[in-house]
Amino acid sequence: MDGTLTPPALASTGLAAGGLANQAPPARPRAGADDKAVAKAAGEFEAQFVSQMLSQMWQGIETDGYFGGGNGEEMFRGLMINEYGKMITQSGQLGIADQVKQAMLKMQEV
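Note that this is a predicted model, so its numbers are computed, not measured. (Residues numbered from 1 in each chain as written. Predicted model: local features only at pLDDT ≥ 70, side-chain atom pairs only at ≥ 80, totals over all residues. Heavy atoms only, no water.)

(A) Main features of helix H3 (residues 70-91). Its 22 residues give H3 an end-to-end C-alpha distance of 32 Å, which sits within 8% of 32 Å, the value for a rise of 1.5 Å per residue. The largest bend in H3 is about 35 degrees, located at Phe76. The set of residues buried in H3 consists of Arg77, Ile81, Gly85 and Thr89. Just downstream of H3 lies Gly92, where phi reads positive at about 75 degrees. (Helix = DSSP H or I, 4+ residues; strand = E, 2+ residues; numbered from the N terminus. Expected span 1.5 Å × (residues − 1). Bend = angle between axes of the 7 residues up to and from the residue. Buried < 20%, exposed > 50% of the residue type's maximum accessible area, 1.4 Å probe, protein only.)

Given below as structure tokens:
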């Protein structure tokens with residue numbers, strides 16, 4: 001023993017000899033499958049957002065008694081509004097999904 005004390009954790013990882021300076025920079029996010037997942041999530045967000053807006057719009061609409069209304073319409077109106085939201089999103093006219101996708105990819109950058 002030479003009389004110097006080095007903590008075991010630093011000696012074993014090479015930090016005592018400047019091991020951090022020799023490490024590679026963190027890897028950037030890879031493109032491909034991750035971009036598709038981000039695009040899908042952004043599209044689902046836009047569809048849900050549009051559906052929420054449409055549900056507020058349809059909230060005050062009354063139906064006539066002969067061909068509409070009742071428990072059946074109450075049950076299926078939400079499903080119809082969700083499908084309308086998906087269709088509006090698929091048209092690509094709003095562009096909310098594109099903005100959300102760009103923001104999500106920017107958050108992933110190192």
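(B) The side chain of Thr89, seen in detail. If you trace the backbone, Thr89 turns up in helix H3. Reaching out from Thr89, the side chain makes a polar contact with the backbone nitrogen of Ala47 at a distance of 3.2 Å. Ignoring any residue separated from it by four or fewer positions in sequence, one finds Thr89 in contact with Gly43, Glu46 and Ala47. (Polar contact = N/O pair within 3.5 Å; in protein donor to acceptor, adjacent residues only side chain to side chain. Contact = heavy atoms within 4.5 Å.)

(C) The packing of aromatic side chains, seen in detail. This model, assessed by the stated rule, comprises 2 aromatic pairs. Ring centres of Phe45 and Phe49 lie 6.5 Å apart, and the angle between their planes is 15 degrees; on these two criteria the pair is classed as stacked. A residue pair is termed a helical-turn pair when its members lie 3 or 4 positions apart in one helix, as Phe45 and Phe49 do in helix H2 (residues 33-58) at 4 residues. Plain terms: the ring middles of Trp58 and Tyr84 are 6.3 Å apart, the flat faces sit at 40 degrees to each other, and that makes the pair tilted. (Phe/Tyr/Trp six-rings, centres within 6.5 Å; stacked < 30°, edge-to-face > 60°.)

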